[in-house]
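Take a look at the letters that make up each chain.
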Amino acid sequence: MTSTRSKRIKTILGYLITFLLLITINFSLPRLMPGDPFIHAGGEAGEVITFYSEDQIEYLREYYGLDEPVHRQYFSYLGDTLTGNLGFSYYYNQDVSQIILKRLPWTMLLVIFSTALSIILGIILGSYSAEKRGGWQDRAVYLVMIVFSEIPAFLIGIFLLVILGASLGLFPLSGGVTHFTVHESIWSQIIDILYHSALPIMTLTLSRVGGMYLLVRNSMTTVLSKDYIKTAKAKGLKKFRIKYVHGLRNAILPLITRVCLQMGGIIGGAVLAENVFSYPGLGTIMTEAVFVRDYPLLQGIFLVMALTVMGANVLADVLYQRLDPRTKAPVINPKKTSVCETTAEKEFN
């Protein structure tokens, strides 16, 4: 019990230290960029159409607290962040939290759907390759997955955009919805949103499915050679049940870790995909914020992305303890039971 409590305290302290480092980096990164937020203010991305006078720039810097020493700006930012105040956008003249709340659902739509699809495809193809290990089917699937896993997400996106969007006209080239359209029902609106998000989701799925596939393939190859799987076959259990219930249950733990560790990469890939397809998510507005040096908006977007990745890691810890009791607490009495014995192994022994 004491060991469990100590482990939890260490875990919480670890997350708190990580969070403090994240917001420190989050504060520093925008200020390390060359340029000034008020030189580009009022211009389109990459262009300057409005110049402030020296007096106006001095006034704005004083108004937003940028004339204060860096350490005072840092502690002010720290206090605001801890109270949930993400600041006010220099460029959009809105609360950063409102801007993020409008854009976040679009990005989460891409992340959730692409993650789910890459997991499902990775499990199906990885299990199939493990079953056909060494055969031509395994080699063919392996080659295709390796090729896709080595191509950057934005190149896959451009390829899909040119082939499926521009050449074949199967999907829209950009945007999140059909403009100037009045939908007759909520379902037609949902279908329209999914139709516009199809290419970004396909891009992210294809760029991530290779890693899932390789992990499942290797884990399932090991699990399918275990004695309890042979016992299950000898008992005459159905192939589907052996592979996807008893085998996958023991091979899924590394997959959970992989998904959570990949969350940062998936969000980064979503940022690139959104820019390729002009999708109205956080990635598109983050690019605009970089051009105009909108410090509060950049800090807010980085913070949300970092918290999403941290949340995924916390979820992984919880799921790991649920699925594998060995990670919950050390062995107390090895004479009663062996904690190294997995659920499936117990069932067949």
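A few points on the structure. Each chain has its residues counted from 1, running along the sequence as written. In view of the model being predicted, local features appear only for residues whose pLDDT reaches at least 70, and side-chain atom pairs are presented and counted only at 80 or more, with totals across whole chains, interfaces and linings using the full set of residues. Excluding hydrogens and water, the side-chain values take into account all heavy atoms of the structure.

**A closer look at a nonpolar patch on the surface**
Patches here: salt-bridge-free residues with over 30% relative accessible area, like charges joined within 9 Å, nonpolar side chains (Val, Leu, Ile, Met, Phe, Trp, Tyr) joined within 5 Å. Working definition of accessibility: Shrake-Rupley area with a 1.4 Å probe, residue cover restricted to the visible protein chains. Salt bridge, as used here: a side-chain nitrogen of Lys or Arg that lies within 4 Å of a carboxyl oxygen of Asp or Glu. There is a patch of nonpolar side chains on the surface, built from Leu143, Val147, Ile151, Phe154, Leu155, Ile158, Phe159, Val162, Ile163, Leu168, Leu170 and Leu272 and spanning about 1000 Å² of accessible area. In this description a helix means any DSSP run of H or I spanning at least four residues, a strand means any run of E spanning at least two, and both kinds are numbered starting from the N terminus. Those elements that place two or more of their residues in the nonpolar patch are α6 (136–150) and α7 (153–167). Among the elements that line the nonpolar patch, the one with the most residues is α7, at six residues.

**Side note on a negative patch on the surface**
A contiguous patch of negative charge, built from Glu54, Asp55, Glu58, Glu62, Asp67 and Glu68, is present on the exposed surface. Among the structural elements, Glu58 can be located in helix α3 (residues 54–63). Positive charges are assigned to Lys and Arg, negative charges to Asp and Glu, while His and the chain termini are left out of the count. For the purpose of locating charges, the reference atoms are NZ of Lys, CZ of Arg, CG of Asp and CD of Glu.

**Focus on the nonpolar core**
Here, nonpolar core means buried Ala, Val, Leu, Ile, Met, Phe, Trp, Tyr and Cys residues that are tied together by side-chain atoms lying within 4.5 Å of each other. Summary of the burial criterion: residues with accessible area below 20% of their type's maximum are buried, those above 50% are exposed, and those between are partly exposed, where the area comes from a 1.4 Å probe applied to protein chains only. With 28 residues, the main nonpolar core has Ile100, Val111, Leu282, Met286, Leu297, Ile301 and Met305 as its most contacted residues. For this core, the secondary structure elements donating two or more residues are α5 (96–131), α8 (186–223), α10 (239–276), α11 (282–291) and α12 (295–323). With eight residues, α10 is the single largest residue contributor to this core. Whether two residues are in contact is decided by their heavy atoms, any of which lying within 4.5 Å being enough. If we ignore the near neighbours within four places in the chain, the residues touching Ile100 are Leu86, Leu282, Gly300, Ile301 and Val304.

**As for the environment of Trp106**
Relative to the assigned elements, Trp106 resides in helix α5. With relative accessibility at 21%, the residue Trp106 sits in the partly exposed group. Separated by 168 residues in sequence, Trp106 and Glu274 place their C-alpha atoms 9.5 Å apart. With sequence-adjacent residues up to four places away left out, Trp106 is seen in contact with Gly176, Val177, Ile193, Tyr279, Pro280 and Gly281.

**Some points on the packing of aromatic side chains**
Any two of the Phe, Tyr and Trp rings considered here, Trp counted by its six-membered ring, make a pair once their centres fall within 6.5 Å; the pair's planes then place it as stacked at under 30 degrees, edge-to-face at over 60, or tilted in between. Tallying each qualifying case throughout the model produces ten aromatic pairs. Ring centres of Trp106 and Tyr279 lie 5.7 Å apart, and the angle between their planes is 80°; on these two criteria the pair is classed as edge-to-face. Of the two residues, Trp106 sits in helix α5 while Tyr279 sits in the loop between α10 and α11, which places them 173 residues apart along the sequence. Three or more aromatic residues link up through ring pairs in this structure, and these residues are Tyr59, Tyr63, Tyr64, Tyr90 and Tyr295.

**Comments concerning α7**
By this rule, a helix spans an expected 1.5 Å times one less than how many residues it contains. Here α7 spans 20 Å end to end across 15 residues, near enough to the 21 Å set by a 1.5 Å rise per residue. At Leu161, α7 shows its maximal bend, which comes to roughly 30°. Those residues of α7 that sit buried are Ala153, Ile156, Gly157, Leu160, Leu161, Leu164 and Gly165. Looking at the buried residues of α7, the elements they touch are α6, α8 and α10. The positive-phi residue at the C-terminal boundary of α7 is Gly169, with phi of around 65°. A residue's bend is the angle separating two fitted axes: one through the seven residues that end there, the other through the seven that start there.

**Thoughts on unusual backbone geometry**
If you check the backbone angles, Asn93 has positive phi at about 55° while not being a glycine. Among the secondary structure elements, Asn93 is positioned in the loop between α4 (70–82) and α5.

**Things to note about the side chain of Ser114**
Secondary-structure assignment places Ser114 in helix α5. At 2.6 Å, the side chain of Ser114 and the backbone oxygen of Leu110 are in polar contact. A polar side-chain atom of Ser114 sits 3.2 Å from the main-chain carbonyl oxygen of Val111. Whenever a nitrogen or oxygen atom comes within 3.5 Å of another N or O atom, the pair is scored as a polar contact, on the condition that within protein one atom can donate a hydrogen and the other can accept it, and that pairs from neighbouring residues in sequence are kept only if both atoms are in side chains.

**Details of helix α9 (residues 227–234)**
For α9, the set of buried residues is Tyr228, Ile229 and Ala232. End-on, the buried residues of α9 take up no more than an arc of 105°, which puts them together on one face. Away from its buried face by more than 90 degrees, α9 exposes Asp227, Lys233 and Ala234. Gly236 occupies a position one or two residues after α9 and carries a positive phi of about 85°. This arc corresponds to the set of directions leading from the helix axis out to the C-beta atoms.

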